[in-house]
Amino acid sequence: MINYFIGFDKLIGTKLITILYYLGLLGIALGIIAGVLSGLGTMVSYSFFGGIGLVIGSIIGGVLAVLFWRFMCELYLLFFRMAEDVREIKNGKTTATTF
C-alpha cells in the first residue's frame, strides 16, 4: 500500500480531481446561496431592484462558475489520461483506438 503512494506507477490524480470537483461544486453552491441571501437582504434593506439584480447575478454567476469548474476539471483529467496513455505506449501496451 505504501508503494502505491511512493511509486508513480499508477496515478491517483483522477480520483483526487473527482473529489476536488465535488468540493468545488459545494463551494459554488454555498456562494450562490450566500449571493441569493445577500440579494434578499438588499431587497428588504436598501433597494428592491438592486437586490433583484444581485439575486439574478449570483444565479447566473453560479451557472457560469459550474460550467468553468467542470471544464477545468475535465482538462486536468485529460492531462492525466494522456500521461497514462503515453505510459502504456512506452511499455508496449497499445490499447488506443484509431480514428
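The sections below set out a description of the structure shown in this document. Note that the coordinates shown come from a computational prediction; the quantities given were computed from them, not determined experimentally.

As a further point, take the packing of aromatic side chains. Counting across every chain of the model gives two aromatic pairs. Both rings, one in Tyr21 and one in Tyr22, keep their centres 5.4 Å apart while their planes meet at 65°; by these two values the pair is edge-to-face. Residue classification places Tyr21 among the buried residues on the basis of a relative accessible area of 14%. Measuring from centroid to centroid gives 5.5 Å for Phe48 and Phe49, while their planes differ by 80°, and the two rings are edge-to-face. For Phe49, a relative accessible area of 68% corresponds to the exposed category.

Right, let's get into the pattern of salt bridges. Inspection of the entire model under this criterion finds one salt bridge. A salt bridge links Glu74 to Arg70; the shortest N-O distance between them is 2.6 Å. In this pair, Glu74 and Arg70 both sit in helix H3 (residues 48-91), four residues apart, roughly one turn of the helix. Given a relative accessible area of 41%, Glu74 falls into the partly exposed group. Look at Arg70 and you get partly exposed, because its relative accessible area is 41%.

Turning next to the packing of helix H2 (residues 13-45) against H3. Helix packing for two helices is described by the angle between their axes and how far apart those axes are. Running from amino to carboxyl end, H2 crosses H3 at an angle of 175°, the nearest separation of the two axes being 8 Å. It follows from the interaxial angle that H2 and H3 lie roughly antiparallel. Of the residues in the contact of H2 with H3, the class split is 21 nonpolar, eleven polar and one charged.

On to H2, then. Quick reminder: α-helices carry 3.6 residues per turn. Residues three or four places apart thus point the same way. In this model H2 runs 47 Å from its N-terminal to its C-terminal C-alpha over 33 residues, within 8% of the 48 Å that 1.5 Å per residue would give. Turning to H2, its buried residues number three or more, namely Gly13, Ile17, Tyr21, Gly24, Ile28, Gly35, Gly39, Thr42 and Met43. Its buried side turned inward, H2 meets H3.

Moving on, we come to the environment of Ile32. Tracing the sequence through the fold places Ile32 in helix H2. The class for Ile32 is partly exposed, based on a relative accessible area of 24%. The spatial distance from the C-alpha of Ile32 to the C-alpha of Val55 is 8.6 Å, given a sequence separation of 23 residues. Excluding residues within four positions of it along the chain, Ile32 makes contact with Ser58 and Gly62.

Here the focus is the environment of Ser38. Inspection of the secondary structure puts Ser38 in helix H2. For Ser38, a relative accessible area of 37% gives the class partly exposed. Here the alpha-carbon distance between Ser38 and Ser58, two residues 20 residues apart in the chain, equals 9.5 Å.

Analysis parameters
Residues numbered from 1 in each chain as written. Predicted model: local features only at pLDDT ≥ 70, side-chain atom pairs only at ≥ 80, totals over all residues. Heavy atoms only, no water. Phe/Tyr/Trp six-rings, centres within 6.5 Å; stacked < 30°, edge-to-face > 60°. Buried < 20%, exposed > 50% of the residue type's maximum accessible area, 1.4 Å probe, protein only. Salt bridge = Lys/Arg side-chain N within 4 Å of Asp/Glu carboxyl O. Helix = DSSP H or I, 4+ residues; strand = E, 2+ residues; numbered from the N terminus. Axes fitted to C-alpha atoms, helices over the stretch in contact; angles between N-to-C directions. Parallel < 35°, antiparallel > 145°, perpendicular 65-115°, else oblique. Nonpolar A, V, L, I, M, F, W, Y, C, P; charged D, E, K, R; others polar. Expected span 1.5 Å × (residues − 1). Contact = heavy atoms within 4.5 Å.

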